Amino acid sequence: MKLLNKLAAVAIAATALFTACTEPAPTSYTVTGILPDSSLNGQTIYITQYDNRARIDTTIIEGNKFTFDGVADSASLCFIYVNRNTQAFILENGNIAIDLNENKVSGTTNNQIITEIAIYEDSVYQEIINTASEDTRKAIIDAGKAKFNEWFAQHNNNEVGYYLLRTEFFNNLFDTDEKIAIYEKCGSALAENNSVKSGLKRATALKATAVGQHCVDFQGTDIDGNLVKLSDYVGKGNYVLIDMWASWCGPCKREIPNLAEIHNLYNDKGVTVLGVFVWDDVKNLKPTMEAEKVTWAQIID
């Protein structure tokens, strides 16, 4: 009899497992949320994609609640903006609940994961704030980075990975080289995300222009329209003081007497003052140079 009972239990468990495994995937989404009071009733709110800022759904707040219903062709990291509060979540088919009081999202697996990440991120920051010891703080940060890398290794080609790349944790605690290394681990789909491409480009530029790096060359024209490059002035064994300015920039023009003093005192002693005329119409350069008595070389960007 006991054997029969055990066999029956196994059969029930197997049936439940089979049912769970064969349950069809949801084909639409329902996103619900509750607001703390009625002050926003009647207002319109939107689901907006992070990557391109496209509004992909809209609804009206009624009875301190909101509900979005629709179909998601694929998962995408989105946000809603309510009463100066931005809540990120992954829009995907399934039931998604947003708690604006606790800044938590639940329902689908991916949203459970990003909530777990957010809670962990907050806990790390609290530990850092409450720690006086630099050694302990470093150990907390190192442990946090290791956890981040563990998550990213599992989600380097989906919207959870994109969420990780948008966290303050990633942007504030990883240095430029570490960020580039993480960006380069993105899978093919995530690597094509516009924000990810911009982030990698920005990190690469920061590395190239960091203190101690050789200057990045660029070119423009001089006041007579001739093609000139930054390398025409730097790398010649002299110091080059680069001043980026525009005719409409008051603070820029207030610095001109100081630049003139440096130019007059040190131009023949190995110091070159070089102006880079930016964010302005080229026709404004000559009149402004004459009015402000600017006599040093210019590159028009």
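Residues numbered from 1 in each chain as written. Predicted model: local features only at pLDDT ≥ 70, side-chain atom pairs only at ≥ 80, totals over all residues. Heavy atoms only, no water.

*Asks:* Explanation requested: the packing of aromatic side chains in the structure shown.
*Replies:* According to the stated counting rule, one finds 12 aromatic pairs in the structure shown. With a centroid separation of 6.2 Å and an interplanar angle of 65°, the aromatic rings of Phe169 and Phe174 are classed as edge-to-face. For the pair Phe169 and Phe174, a shared accessibility class is recorded, and that class is buried. Between Trp245 and Phe277, the ring centres sit 5.2 Å apart and the planes meet at 70°, which makes this aromatic pair edge-to-face. Linking Trp245 in strand β11 (residues 239–245) with Phe277 in strand β12 (residues 271–277), this pair joins segments that are 32 residues apart in sequence. Neither residue differs from the other here; Trp245 and Phe277 are each classed as buried. Among the aromatic side chains, those forming a connected cluster through ring pairs are Tyr125, Phe148, Phe152, Phe169, Phe170, Phe174 and Tyr183. Looking at Lys179, its charged tip hangs above the ring of Phe170, at a distance of 6.0 Å from the centre. (Phe/Tyr/Trp six-rings, centres within 6.5 Å; stacked < 30°, edge-to-face > 60°. Buried < 20%, exposed > 50% of the residue type's maximum accessible area, 1.4 Å probe, protein only. Helix = DSSP H or I, 4+ residues; strand = E, 2+ residues; numbered from the N terminus. Lys NZ or Arg CZ within 6 Å of the ring centre and 35° of its normal.)

*Asks:* Hey, could you run me through the sheet that holds strand β7 (residues 94–99) in this one?
*Replies:* As a general point, the strands of a sheet are linked pairwise by backbone hydrogen bonds and lie either parallel or antiparallel. With respect to topology, 4 strands assemble into an open sheet ordered β4-β1-β7-β8, the strand pairing being mixed. Edge positions in the open sheet fall to β4 (65–70) and β8 (104–106), since each of these has one partner strand only. For this sheet, the mean angle separating the axes of adjacent strands, direction not counted, is 15°. The pairing of strand β1 (residues 29–34) with β7 spans 6 bridges and is classified as parallel. For Thr32, the partnering residue across the bridge sits in β7 and is Ala97. Lying over the sheet, helix α2 (residues 109–129) contacts β7 and β8, oriented at roughly 155° with respect to β8. (Pairing = 2+ DSSP bridges. Axes fitted to C-alpha atoms, helices over the stretch in contact; angles between N-to-C directions. Contact = heavy atoms within 4.5 Å.)

*Asks:* Honestly, empty space enclosed by the protein in this entry has me stumped. Any pointers?
*Replies:* Vacant regions in the atomic arrangement are exposed by a probe of water-molecule size rolled over the atoms. Under the criterion given, the structure shown has 1 cavity of 30 Å³ or more. Of the volumes computed, that of the largest cavity is approximately 60 Å³. Each residue belonging to the lining of the largest cavity can be placed in one class, and the counts come to 6 nonpolar, 2 polar and 1 charged. (1 Å grid on protein atoms, 1.4 Å probe; cavity = no way out; pocket = protein on both sides within 12 Å on 5 of 7 lines; lining within 4 Å. Points joined across faces, edges and corners; volume = space filled by probe spheres on them. Nonpolar A, V, L, I, M, F, W, Y, C, P; charged D, E, K, R; others polar.)

*Asks:* Just checking my understanding: could you explain helix α8 (residues 194–208) for this structure?
*Replies:* Every α-helix winds through 3.6 residues per turn, so residues three or four apart in the chain are directed the same way. The first and last C-alpha atoms of α8 sit 21 Å apart over 15 residues, in line with the 21 Å expected at 1.5 Å per residue. Those residues of α8 that fall on the buried side of the exposure criterion are Val196, Gly199 and Ala203. The buried residues of α8 all sit within an arc of 60° when viewed along its axis, so they share a single face. Next to the buried residues of α8 lie α4 (159–166), α6 (176–183) and α7 (188–191). The N-cap residue of α8 is Asn193: its side-chain oxygen and the backbone nitrogen of Ser195 are 2.8 Å apart. (Expected span 1.5 Å × (residues − 1). Arc of directions from axis to C-beta. Polar contact = N/O pair within 3.5 Å; in protein donor to acceptor, adjacent residues only side chain to side chain.)

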